[in-house]
Amino acid sequence: MIAVTGGGSGGHFYPGLSAARALQTRGHLVVYVGAQEGLEAELLPHTGLPFHLLPTFKLSLSAPAQALKRLPKLMASLQKAARLLRELRPKVVLSTGGYAGFPLAWVAERSGIPVVLHEQNAKLGLASRLLAPRAARLGLSLPVRLAPSLASRSRVVGLPIREERYIKEEARSRMGLCPERPLILVLGGSQGSQELNQKLPERLTPLLDRYQVLHQTGPRWIDQMGSLERPGYHLVGYLETPLAWSAADLAITRAGASTLAEAAFHQVPLLPIPLPPSLDRGAQAANAAFYIEQGAAARFYGWERFEASIAPLLDPQEHAKMKTALAALSPQGAAERLADLVEEAL
């Protein structure tokens, strides 16, 4: 039996779910272990996978006093993870990170059970840094500079995503958009981005004579932004992302790992606007920098220079170059490659 753990957010949960399903198709018994407080608590009952949920919380070393207050909760979480591990007795544990993927993997490493890690971002997150020294294997979504001892156990496998494509005109029609008009897609992550919501509608208005816009606000922002909707500028709280990416010609997004991987799979040139490094330890900034270095994305110069930032996406030659660069970064087949890595640790 294989235990897959990870979550707290979609970026950590969906790769684990994709890998779990790939392992199931190979005949393995798979159990998913997530967090009671995570997104996976709502989603796992609909997957058909056997699952367990542990009490845990977001890890942080930036606030030592707060971390000390949470120490009893962490110990309780590790104790419950230990009991669950004795019950499940997995042959290997796959952790896709986030605070949800830490307790079971931590206990497994100290119980002699091989642990395979998957890192989504262009730099190791806190959970990965804590678990990596004892990990049997480390799967990377993007090349990451590692110490030699860890590099020898790592491999770039890509980031598992939903590998679904639709004909562009069909995707637009299904979403109630004009089938023939080019589309700018705005994505702020699964919860939306207040910054993108506030800054983009006014700045994209001059482009509505050539493009239509599909702007995902996030569920909590949609009501207060409704008054900004107008012909050609469509606001939605939540998107079916394979349809949206299939419909898009270019995109303005946050720089989460899953978002960039989906852009690469669908070959949609984009302007990634990362979170401030203080909010995510620079993970999104590192992701954006990698795509920019590969010629697969435009550089964001700040809101005061937005026109200069988006200009490469509107230039046909630059747009074509980015599509070619994105094709080279496509994560297609990542779930199977991650499943291969897990089987190597059995």
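This structure is a prediction, so every number in the text was calculated from the model and none was measured. (Residues numbered from 1 in each chain as written. Predicted model: local features only at pLDDT ≥ 70, side-chain atom pairs only at ≥ 80, totals over all residues. Heavy atoms only, no water.)

Caption draft 1: Summary view of the overall build of the chain. Assigned secondary structure in the chain consists of 16 helices and 12 strands. Expected size for 346 residues packed as a compact globule is a radius of gyration near 20 Å; at 21 Å, the chain falls within 12% of this value. In terms of overall dimensions, the chain has C-alpha extents of about 60 × 40 × 40 Å along its principal axes. Partitioning the intrachain contacts of the chain with sequence separation of at least 6 by distance along the chain shows that 62% fall at a separation of at least 24. Total accessible area on the chain stands at roughly 15400 Å², and carbon and sulfur atoms take up 53% of it. Within the chain, one finds 37 positive and 29 negative side-chain charges whose respective centroids are separated by 9 Å. (Helix = DSSP H or I, 4+ residues; strand = E, 2+ residues; numbered from the N terminus. Rg over C-alpha atoms; globule rule 2.2 N^0.38 Å. Contact = heavy atoms within 4.5 Å. Areas by Shrake-Rupley, 256 points an atom, 1.4 Å probe, with all protein chains shown as cover. Lys, Arg positive; Asp, Glu negative; His and termini not counted. Charge placed at Lys NZ, Arg CZ, Asp CG, Glu CD.)

Caption draft 2: Layout of the pairing of strand β8 (residues 183–187). Among the 5 residues in β8, 5 count as buried, and that is most of the element. Of the two faces of β8, the one holding L183, L185 and L187 and the one holding I184 and V186 are both buried throughout. Pairing geometry for β8 and strand β9 (residues 212–216), over 5 bridges, is parallel. Directly across from I184, in β9, lies its bridge partner V213. Where β8 lies against strand β11 (residues 250–253), 4 bridges are found, and the strand directions are parallel. (Buried < 20%, exposed > 50% of the residue type's maximum accessible area, 1.4 Å probe, protein only. Pairing = 2+ DSSP bridges.)

Caption draft 3: Local environment of the nonpolar core. With 31 residues, the main nonpolar core has L85, V93, L104, L117, L124, L138 and L146 as its most contacted residues. Of all the elements in the fold, those that place two or more residues in this core are β2 (30–35), α3 (64–88), α4 (103–109), β5 (115–119), α5 (126–131) and β6 (137–140). Other than its neighbours up to four places away in sequence, L104 contacts A3, T5, V33, A81, L85 and V93. Counting residues in each nonpolar core, the second largest holds 30 residues, with L183, L187, L239 and Y291 among its members. (Core = buried A, V, L, I, M, F, W, Y, C linked by side-chain atoms within 4.5 Å.)

Caption draft 4: The arrangement of the pattern of salt bridges in detail. Under the definition given, this model contains 12 salt bridges. Here R26 ties to D340 by a salt bridge, and the two come within 2.7 Å at their closest N and O atoms. In this pair, R26 sits in the loop between α1 (10–25) and β2 while D340 sits in helix α16 (residues 334–344), placing the two residues 314 residues apart along the sequence. The partner of R26 in a salt bridge is E343, with the nearest N and O atoms 2.9 Å apart. Of this pair, R26 sits in the loop between α1 and β2 while E343 sits in helix α16, placing them 317 residues apart in sequence. Classification of R26 by relative accessible area gives partly exposed; the value is 28%. Here the salt bridges do not stand alone but share partners, grouping R26, E336, D340 and E343 into one network. (Salt bridge = Lys/Arg side-chain N within 4 Å of Asp/Glu carboxyl O.)

Caption draft 5: Quick peek at the environment of E240. With respect to the helices, strands and loops of the structure, E240 is situated in the loop between β10 (233–236) and α10 (241–247). When its relative accessible area of 34% is taken as the criterion, E240 is described as partly exposed. A sequence separation of 65 residues divides E240 from M175, and the C-alpha atoms of the two residues are 9.2 Å apart.

Caption draft 6: Structural context of the sheet that holds β6. Spatially, the 7 strands line up as an open sheet ordered β3-β2-β1-β4-β5-β6-β7, and their pairing is parallel. Looking at strand neighbours, the two that pair on one side only are β3 (51–54) and β7 (154–156), the edges of this open sheet. When the angles between neighbouring strand axes are averaged without regard to direction, this sheet yields 20 degrees. When β2 meets β3, the two strands line up parallel, connected through 4 bridges. Across the sheet, G34 pairs through a bridge with L53, a residue of β3. With respect to the sheet, α1 is in contact with β1 (2–5), β2 and β4 (92–95), its orientation differing from that of β2 by roughly 170 degrees. Packing against the sheet, α16 makes contact with β1, β4, β5, β6 and β7, and its axis sits at approximately 175 degrees to β6. (Axes fitted to C-alpha atoms, helices over the stretch in contact; angles between N-to-C directions.)

Scope: geometric values only; no functional claims are made or implied.
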